[in-house]
Amino acid sequence: MLNIILLVLFCFVSLWAVYCHQKEHHKINQTVHYQSKKHIKSAMQGKNASAKNDSGMFSFLAAHEKQIAILLFVVGILIRVSFFWIVPDGLNQDEASIAYDTYADLTYGIDRNGDHNPVYSVAWGSGHSSLYITLSKPWIALFGLNIFTARIVNVLFGCLALFAFYGIMKRLNRSAALIGLFLFAVCPWHIMMSRWGLECNLFPNVFLIGLYFLLRSLDSPRYYPVSLFVFALSLYAYGTAYMVVPVFLLFSAGYLLYHKKISWKMLGVSAAVFVVTAVPIGTFMIVNALGLEEINLGFMTIPRLVSGRYNTTVTILGGNIFATMGANLLNLVKLIFIQNDGLIWNAIPAFGTLYLFSAPFLLLGFCCVLRRAARFLKVFHSQAFVLFMLIAALVLGAMSDLNINRANFVFLPLIVFLAEGVFFVQKYAKWSSYAILPVYLCAFFAFSGYYFTDYRAQIGRAFFAGAGEAIQYASEQTDRTIYLSDKINAPYIIAMFYEKTDPNVFLDTVDYLDPDSECRYVLSFDRYVTGIPAQEERKSEADAAYVLDVTEKESFDPERYDFKRFGYYYVATEK
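Keep in mind the model is a prediction, meaning the values are calculated, not measured.

**What to know about helix 10 (residues 202-216)**
With 15 residues, helix 10 extends 22 Å from end C-alpha to end C-alpha; this agrees with the ideal 21 Å at 1.5 Å per step. Most of helix 10 is tucked away: 14 of the 15 residues are buried.

**A word on empty space enclosed by the protein**
Under the counting rule described, the total for this entry stands at three cavities of 30 Å³ or more. Considered as a void within the structure, the largest cavity measures approximately 50 Å³ in volume. As for the largest cavity, its lining consists of Trp189, Met192, Met193, Trp196, Asn201, Trp345, Asn346, Ile404 and Asn405. For the lining of the largest cavity, a count of residues per class yields six nonpolar, three polar and no charged.

**Description of the packing of helix 11 (residues 223-234) against helix 12 (residues 241-258)**
Between helix 11 and helix 12, the shortest axis-to-axis distance is 9 Å and the interhelical angle comes to 160°. On the basis of the axis angle, helix 11 is roughly antiparallel to helix 12. Viewed along their axes, helix 11 and helix 12 form a crossing whose handedness is left-handed. Listed contacts from helix 12 to Tyr224, Leu228, Phe231 and Ser234 of helix 11 are Ala241, Val245, Phe248, Leu249 and Leu256. Here the contact of helix 11 with helix 12 is built from residues that sort into eight nonpolar, one polar and no charged.

**Concerning the pattern of salt bridges**
Summed over the entire model, instances satisfying the criterion amount to ten salt bridges. Note that Arg174 and Glu65 form a salt bridge whose closest N and O atoms lie 2.8 Å from each other. Highlighted residues: Arg174 in the loop between helix 7 (147-172) and helix 8 (177-185) and Glu65 in helix 4 (residues 65-81), separated in sequence by 109 residues. In this structure, Asp549 engages Arg461 in a salt bridge whose closest nitrogen and oxygen atoms are separated by 2.8 Å.

**What to know about unusual backbone geometry**
The omega torsion across Val87 and Pro88 is 5°, close enough to zero to call that bond cis. You will see that Asn117, though not glycine, has its phi angle at about 45°, which is positive.

**Here's the deal with a nonpolar patch on the surface**
On the surface, Met1, Leu2, Ile4, Ile5 and Val8 cluster together to form a nonpolar patch covering roughly 580 Å² of accessible area. You can call Ile4 exposed: its relative accessible area is 51%.

**Description of the confidence of the model for the protein**
In the predicted model, the protein carries a mean pLDDT of 91, and the fraction of residues at 70 or more is 92%. When the criterion is pLDDT under 50, residues 32-54 qualifies, and its contacts beyond four places in sequence or with other chains add up to 13 contacts.

**Points about the sheet that holds strand 11 (residues 569-574)**
In spatial order, the strands read 6-7-8-5-9-11-10; together these seven strands make up an open sheet with mixed pairing. The outermost strands of the open sheet, each flanked by one partner alone, are strand 6 (511-512) and strand 10 (561-566). Where strand 5 (residues 482-484) meets strand 8 (residues 528-530), three bridges bridge the pair, whose relative direction is parallel. The partner of Leu484 across the bridge, within strand 8, is Thr530. Packing against the sheet, helix 22 (residues 491-499) makes contact with strand 5, strand 7 (522-525) and strand 8, and its axis sits at approximately 30° to strand 7.

**Considering the packing of aromatic side chains**
Applying the stated rule across the entire model yields 54 aromatic pairs. Judged by centre distance (5.9 Å) and plane angle (10°), the rings of Tyr355 and Phe357 are stacked. Residue classification places Phe357 among the buried positions, given a relative accessible area of 2%. Ring centres of Tyr451 and Phe452 lie 5.1 Å apart, and the angle between their planes is 80°; this geometry places the pair in the edge-to-face category. Residue classification places Tyr451 among the buried positions, given a relative accessible area of 2%. What makes Phe452 partly exposed here is its relative accessible area of 26%. Put simply, the rings of Phe203, Phe207, Phe231, Phe248, Phe251, Tyr255, Phe380, Phe385, Phe388 and Phe409 touch in pairs and so form one group of aromatic residues. Directly above the aromatic system of Phe380 lies the positively charged group of Lys261, at a separation of 5.0 Å from the ring centroid. For the cation-ring pair, Arg538 lies above Phe556, with the distance from its terminal atom to the ring centre recorded as 3.7 Å.

**Considering the nonpolar core**
One finds Phe207, Leu211 and Phe248 to be the most contacted residues of the largest nonpolar core, which totals 148 residues. Among residues more than four places away in sequence, those in contact with Phe207 are Phe231, Val245, Phe248, Met389, Phe409 and Leu412. One finds Trp124, Ile140, Ile482 and Tyr528 within the second-largest nonpolar core, a separate group that totals 38 residues.

**Observations concerning the pairing of strand 11**
Of all six residues in strand 11, five are buried; the element is thus mostly enclosed. As consecutive antiparallel partners, strand 10 and strand 11 are separated by two residues, and within that stretch Gly567 has a phi angle of approximately 60°, a positive value.

**A closer look at the pairing of strand 7**
Judged from the two bridges that link them, strand 6 and strand 7 form a sheet pairing that is antiparallel. What sits directly across from Asp511, in strand 7, is Ser524. Both strand 7 and strand 8 contribute to a ladder of two bridges, which runs antiparallel. The residue of strand 8 that forms the bridge with Phe525 is Tyr528.

Cut-off values and rules
Residues numbered from 1 in each chain as written. Predicted model: local features only at pLDDT ≥ 70, side-chain atom pairs only at ≥ 80, totals over all residues. Heavy atoms only, no water. Helix = DSSP H or I, 4+ residues; strand = E, 2+ residues; numbered from the N terminus. Expected span 1.5 Å × (residues − 1). Buried < 20%, exposed > 50% of the residue type's maximum accessible area, 1.4 Å probe, protein only. 1 Å grid on protein atoms, 1.4 Å probe; cavity = no way out; pocket = protein on both sides within 12 Å on 5 of 7 lines; lining within 4 Å. Points joined across faces, edges and corners; volume = space filled by probe spheres on them. Nonpolar A, V, L, I, M, F, W, Y, C, P; charged D, E, K, R; others polar. Axes fitted to C-alpha atoms, helices over the stretch in contact; angles between N-to-C directions. Parallel < 35°, antiparallel > 145°, perpendicular 65-115°, else oblique. Left-handed = near helix turned anticlockwise from the far one by under 90°. Contact = heavy atoms within 4.5 Å. Salt bridge = Lys/Arg side-chain N within 4 Å of Asp/Glu carboxyl O. Patch = residues over 30% accessible without salt bridge, like charges linked within 9 Å, V, L, I, M, F, W, Y side chains within 5 Å. Areas by Shrake-Rupley, 256 points an atom, 1.4 Å probe, with all protein chains shown as cover. pLDDT = per-residue confidence, 0-100. Pairing = 2+ DSSP bridges. Phe/Tyr/Trp six-rings, centres within 6.5 Å; stacked < 30°, edge-to-face > 60°. Lys NZ or Arg CZ within 6 Å of the ring centre and 35° of its normal. Core = buried A, V, L, I, M, F, W, Y, C linked by side-chain atoms within 4.5 Å.

See below:
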């Protein structure tokens, strides 16, 4: 109910700001109608200066920008770093998969699929992007395999993204930079995605760093190759980059050439840097598109996946292209405004991705940037790159049925639009700044309080809190078979993570339900078996241990078994 009230209130505030904007420009036009162009320019500058000097609370903050920016960096870093190894509670199967393969490759020279330094990890069969694995290696080498090292890469890049975004905003709209930093620092989407080790969440942060260097290149062309190198690295961060990055770079290169912001020579050098950096991932795509054999170069493997992830994410390949594209784009629009995909690790329903009451500012900011777009061909403006990001996001949205983590790139232009919208409102409805900032602060405090308390229990259930400790305990209690509840998603990888299994043992003993499946289901490996056997089957088992979901305990006879609880799981062992 509060979100609805705030949404209506901010709709009214946004409309009032638009009305004030139109009224102000109408008044200026009447005042200077018969004056010279020079006088018109002077009048406009004077009016803008007056607006700048009377901008409510944001004007005060802008006057102390350096100190406020430092405070926002501190707050943004703290909310991303604090107790990330505890909250989210538990361990997601993707986190375990990525971290285990990193550990195995470091320790044994191969991952669980027998590959060394794969350009793209085979993982379940459809794969994981490799940049997260590469960046995790120093941390796991230094501090071992644990939840801290499984998540540290996303945490650090989430913090780096704060600095990159602020630098970007200063070049897009200097006046709105502090607002942008504030909104980015307290953004629920970015906070949540930065605190756990899903490899795709690395992509938007790497892209932001590349965009920062691209905008710096406008003043110092030597940064163009650096920017293209980072953009090429982002191809190793997540599969959606294969669509997003080329579209963005093609539009950007054309725009820079059109306005003579880059020479053909520098474009050639930068493109060469991009191509050379992207050769391994490009070769990987060719190998898998043509069904070629895996390439083992000794120091690096270019694997052939059981199934390419793009087969499941690019839904237009299924036929009925235009109808599918329309349905995908409609789903993307819903995702943006509903701010929830039903996955608790992507969004908390009461807060959404950008706070549920942000829609009016989001739409207003989009209109502001779109209105300026008419002048982008006549006069160079760095905000054109925001539209290029939006175009790339729409291409991605049209081709794929997205959830929040698959659509993570989409939120980059959205936060820029949000900052532009809030800036516009506080500029033309100055009194509103005394409400907007406190509302966002209160929402941030409420989100933070919920995230570290009630949300911990919610995500703990989804992330199998206690399963790892239960498996460790069961492994200590017996040297016989250990049955793992199939209510744990891919329990075998949780066991391998916590037991630090030799990948050679896994390769020699693994039994897949279907080895050709895009997400191979492991029936058993070594002494670990997926699924709890029926009561009759358990009678013939001696000294086995069972890792049970709390809902499975009832089927076990307390006179025959001892139970020890770990989070949402029990270990049952014979008395």
